[in-house]
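Each chain is listed here by its residues.
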Amino acid sequence: MALPKEPRQKMINLMYLVLTALLALNVSSEILNAFKVVDKSLTNSNTNIDKANGTLYKSLQEKLNDAQSAEKAKIWEPKAQQAKKLSDDLAKYIDDLKLELKKEAGLEMENGVEKFKEDNLEAATRLFGSGEEGKKRGPELEAKLKAYHDAMLAIDPAITAKFATTLPVEITPPIGQDGKPKDFTTGYFHMTPTVAALTILSKFQNNVKNAENQITTFCHDQIGQVVVKMDKAAILVGQSSNYVMPGQEITITAGVGAYSSAGGTSININGSGVPVTEGVGTYKFQANGGGSHKVNVSVSYKDQDGNTKTDTKEVEYTVGTPGGAAVMLDKMNVFYIGVPNPVTIGSPSGWDKTSVSMSGGSISGTGSNRVVSVSSPGTATINVSADGKASSFTFRIKRIPDPIIKVGTGSPRMQSAAFKAQQYIRADLENFDFDARFSVLGGTVYFSGAGFSRPEQGSFSGNSLGGLSALISRCQPGSAVTIENVKVQGPDGTIRTIQNGGGYSLF
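This is a predicted model, so every value here is computed, not measured. (Residues numbered from 1 in each chain as written. Predicted model: local features only at pLDDT ≥ 70, side-chain atom pairs only at ≥ 80, totals over all residues. Heavy atoms only, no water.)

1. Description of the overall build of the chain
Filter applied, for reference: Only runs of H or I of at least four residues qualify as helices and only runs of E of at least two qualify as strands under DSSP, and these elements are numbered from the N terminus. Burial classes: relative accessible area under 20% of the type maximum marks a residue as buried, over 50% as exposed, and values in between as partly exposed (1.4 Å probe, protein chains only). Whether two residues are in contact is decided by their heavy atoms, any of which lying within 4.5 Å being enough.
Looking only at helices and strands, the chain has 10 helices and 26 strands in total. A burial count over the chain gives 38% of its 507 residues as buried. Considering only contacts in the chain between residues 6 or more positions apart, those separated by 24 or more positions represent 62%.

2. Points about the nonpolar core
Applicable threshold: Buried Ala, Val, Leu, Ile, Met, Phe, Trp, Tyr and Cys residues that are joined via side-chain atoms within 4.5 Å together make up what is termed a nonpolar core.
In this structure, Leu 101, Phe 128, Leu 141, Phe 189, Phe 204 and Ile 215 are the most contacted members of the largest nonpolar core, which totals 41 residues. Among the elements of the structure, helix H2 (29–65), helix H3 (70–104), helix H4 (123–128), helix H5 (137–153), helix H6 (157–163), helix H7 (184–189) and helix H8 (194–223) are those that each provide at least two residues to this core. Looking at this core element by element, the count peaks at 11 residues for H8. Aside from chain neighbours lying at most four places away, what touches Leu 141 is Tyr 93, Ile 94, Leu 97, Phe 128, Phe 184, Phe 189, Leu 201 and Phe 204. Ile 405, Phe 434, Phe 460 and Val 486 belong to the second largest nonpolar core, which has 31 residues in total.

3. A word on the sheet that holds strand S26 (residues 495–506)
Just so we agree on the cut-off: Note on pairing: two strands pair once DSSP finds at least 2 bridges between them.
As summarised here, the arrangement of the 5 strands in space is S21-S26-S25-S23-S24, forming an open sheet in which the pairing is mixed. The sheet terminates laterally at strand S21 (413–414) and strand S24 (456–461), the two strands that pair on one side only. Bridging between strand S25 (residues 479–489) and S26 involves 8 bridges; their strand directions are antiparallel. Looking across to S26, one finds that Ala 480 is bridged to Ser 505.

4. Examining the side chain of Lys 406
Note the following rule: Definition of a polar contact: a pair of N or O atoms within 3.5 Å, with one able to donate and the other able to accept a hydrogen when the atoms are protein atoms, and with sequence-neighbouring residues admitted only if both atoms are side-chain atoms.
Along the chain, Lys 406 turns up in strand S20 (residues 404–406). Within polar-contact distance, the side chain of Lys 406 engages the side chain of Glu 430 at 2.6 Å. Beyond its immediate chain neighbours, meaning those up to four positions away, Lys 406 contacts Ile 425, Arg 426, Asp 428, Glu 430 and Tyr 504.

5. Describing the packing of aromatic side chains
The line we're drawing: Working definition: a ring pair exists when centres of Phe, Tyr or Trp rings (six-membered ring for Trp) sit within 6.5 Å. Plane angles under 30 degrees give stacked, over 60 give edge-to-face, the rest tilted. Think of it as a cone above the ring: NZ of Lys or CZ of Arg counts as a charge over the ring if it is within 6 Å of the ring centre and within 35 degrees of the ring normal.
Tallied over the full model, the rule gives 11 aromatic pairs. Ring geometry for Phe 419 and Tyr 504: centres 6.1 Å apart, planes at 40 degrees, overall tilted. Of the two residues, Phe 419 is situated in helix H9 (residues 416–420) and Tyr 504 in strand S26; the sequence distance between them amounts to 85 residues. What makes Phe 419 buried here is its relative accessible area of 3%. Each residue in the set Phe 128, Phe 184, Phe 189 and Phe 204 is aromatic and connected to the rest through ring pairs, giving one cluster. Its end group placed over the ring of Trp 76, Lys 79 keeps NZ or CZ at 5.8 Å from the ring centre. A cation over an aromatic ring shows up here: Lys 84 above the ring of Tyr 57, its NZ or CZ 5.8 Å from the ring centre.

6. So, the environment of Asn 53
Along the chain, Asn 53 falls in helix H2. The class for Asn 53 is buried, based on a relative accessible area of 2%. Each C-alpha atom of the pair Asn 53 and Gln 214 lies 9.4 Å from the other, and the pair is 161 residues apart in sequence. Not counting the four nearest positions on each side in its chain, Asn 53 is found in contact with Lys 209, Glu 212 and Asn 213.

7. Quick word on H5
To keep things clear, this is the line we draw: Given the number of residues in a helix, its expected span is that number minus one, multiplied by 1.5 Å.
Here H5 spans 24 Å end to end across 17 residues, near enough to the 24 Å set by a 1.5 Å rise per residue. The inward-facing, buried residues of H5 contact H3, H4, H6, H7 and H8.

8. With respect to the pattern of salt bridges
Note the threshold: Think of a salt bridge as a Lys or Arg side-chain nitrogen and an Asp or Glu carboxyl oxygen that are within 4 Å of each other.
Per the stated rule, a full pass over the model turns up 18 salt bridges. Taking the shortest distance from any N to any O, the salt bridge between Arg 137 and Glu 100 comes out at 3.0 Å. Of this pair, Arg 137 sits in helix H5 while Glu 100 sits in helix H3; the two residues are 37 residues apart in sequence, bridging distant segments of the chain. By relative accessible area, Arg 137 is classed as partly exposed at 21%. Several salt bridges share partner residues, and in doing so they unite Glu 104, Glu 122, Arg 126 and Lys 135 into one network.

9. Digging into the sheet that holds strand S15 (residues 354–359)
Pairing in this open sheet of 4 strands is mixed, and the strands run S13-S19-S18-S15 from one edge to the other. Each edge of the open sheet is held by one strand with a lone partner, namely strand S13 (335–336) and S15. As paired strands, S15 and strand S18 (residues 378–386) are joined by 6 bridges and run antiparallel to one another. Looking at the pairing, Val 356 lines up with Val 384 of S18.

10. Remarks on the pairing of strand S16 (residues 362–366)
On any regular strand, side chains alternate: one points to one face of the sheet, the next to the other face. In the sheet, S16 pairs with strand S17 (residues 369–373) via 5 bridges, with the strands oriented antiparallel. Across the sheet, residue Ser 362 finds its bridge partner in S17, namely Ser 373. The antiparallel hairpin formed by S16 and S17 contains 2 residues in its connecting segment, where Gly 367 sits at a positive phi of about 65 degrees.

11. Some words on unusual backbone geometry
For Asn 111, which is not glycine, the phi dihedral falls at a positive 55 degrees. The class for Asn 111 is exposed, based on a relative accessible area of 83%. Of note, Met 191 is a non-glycine position whose phi angle comes to about 55 degrees, a positive value. Its place among the elements puts Met 191 in the loop between H7 and H8.

12. Brief notes about the environment of Val 315
Relative to the helices and strands, Val 315 resides in strand S11 (residues 308–319). Spatially, the C-alpha atom of Val 315 lies 9.7 Å from that of Ile 269, the residues being 46 residues apart in sequence.

Take a look at the structure:
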């Protein structure tokens, strides 16, 4: 992104970057612990999936030995083994990346326990970065994930048709504040704490093991109905997130590792019975109140002998509790007149105990995501009362900066033929984070140089140059065109005059 020309705006942008860097360096122990909880949950999930996959491979081997199913099993069991080989190789590669990352973060063994700098922001950047100092593991991992995705689908045309759009190997990076996706390495690993990068790697392993389970189950189903002889059955419990802010939604899913389609499975979550579909029940609720919480999950099912058994588990999650209410601007540290200004509000209490008001403008929306509108320069204050504790946050209010008047590409040097082909003039906002538009109402244009024995002037109305066609047609290499006194109307409805609309030297 080009730096703005206005010194004041440069200073604001630099201050914003410094603040962002300072915030990034201050990784709280609460956030680190949340990542460790998520990583542990993913690791447990991977172990459960491995057990389920082991049951499938055992059943496939039995089908090979069964005369009634051997013919189909000879076709599909090798395909399942191919999926297993691809998945094992990639999971092992990711395990090696985890060890390499820990070493980058100063791994040491103390009494048989791994110790490394969990909050180190540079280890992941060095290991995964693609710059001069990076070891380029990020592009390497991205390529291996893509290759794995394609290889799994290529095992069989029927697998391609079934999973072309649903195979759970997701490598799309996060979306930035500008609404555009970042590249893979930057989105996942740039300036990411070591413990967070390890959690991301566990997430990719979880995707791989889920993909292996889906492909293997599909191969299994192509052979026909299978009777699985289980020596154990276990309930499987998952959750959408281990760490949330007040008001955010949590989804808990629970089911049985192996279930009978004849029924007999019932699921109770947080004291409520939930509908069971394909052996799985889903329960959604909004997080409330800061700190650690637990939800009880109880699953009743029939075992191999037809006996009813009941197992219970506790799902743990943490609701963020900032030291006080917080208001964060999603764009810049200033409100602009004439555009919706998105803000994020954090509260240490649930939203049923939080109220938000504003002076110097108006605020709309609910929960954490709000929109501020302002109408005149000065300051505005957002007041947040959370659980009886009041906090105030004051921000500056500014007009949207003047736009840049442009014809064509806006380059000060333009081919005369290209300039003569232009029909419109426009007002562009450069280096501005908001989607704001200015309308051109009219202005004055001066022509001189080649093609003009003396300077001549003309005027235009609106954004059309049609009224100047006679003068424009005389332009040639060596002509000079100067635009002045352009009137524009901004999104706030006010009309401004741009004295210097720019000049063009034609060649």
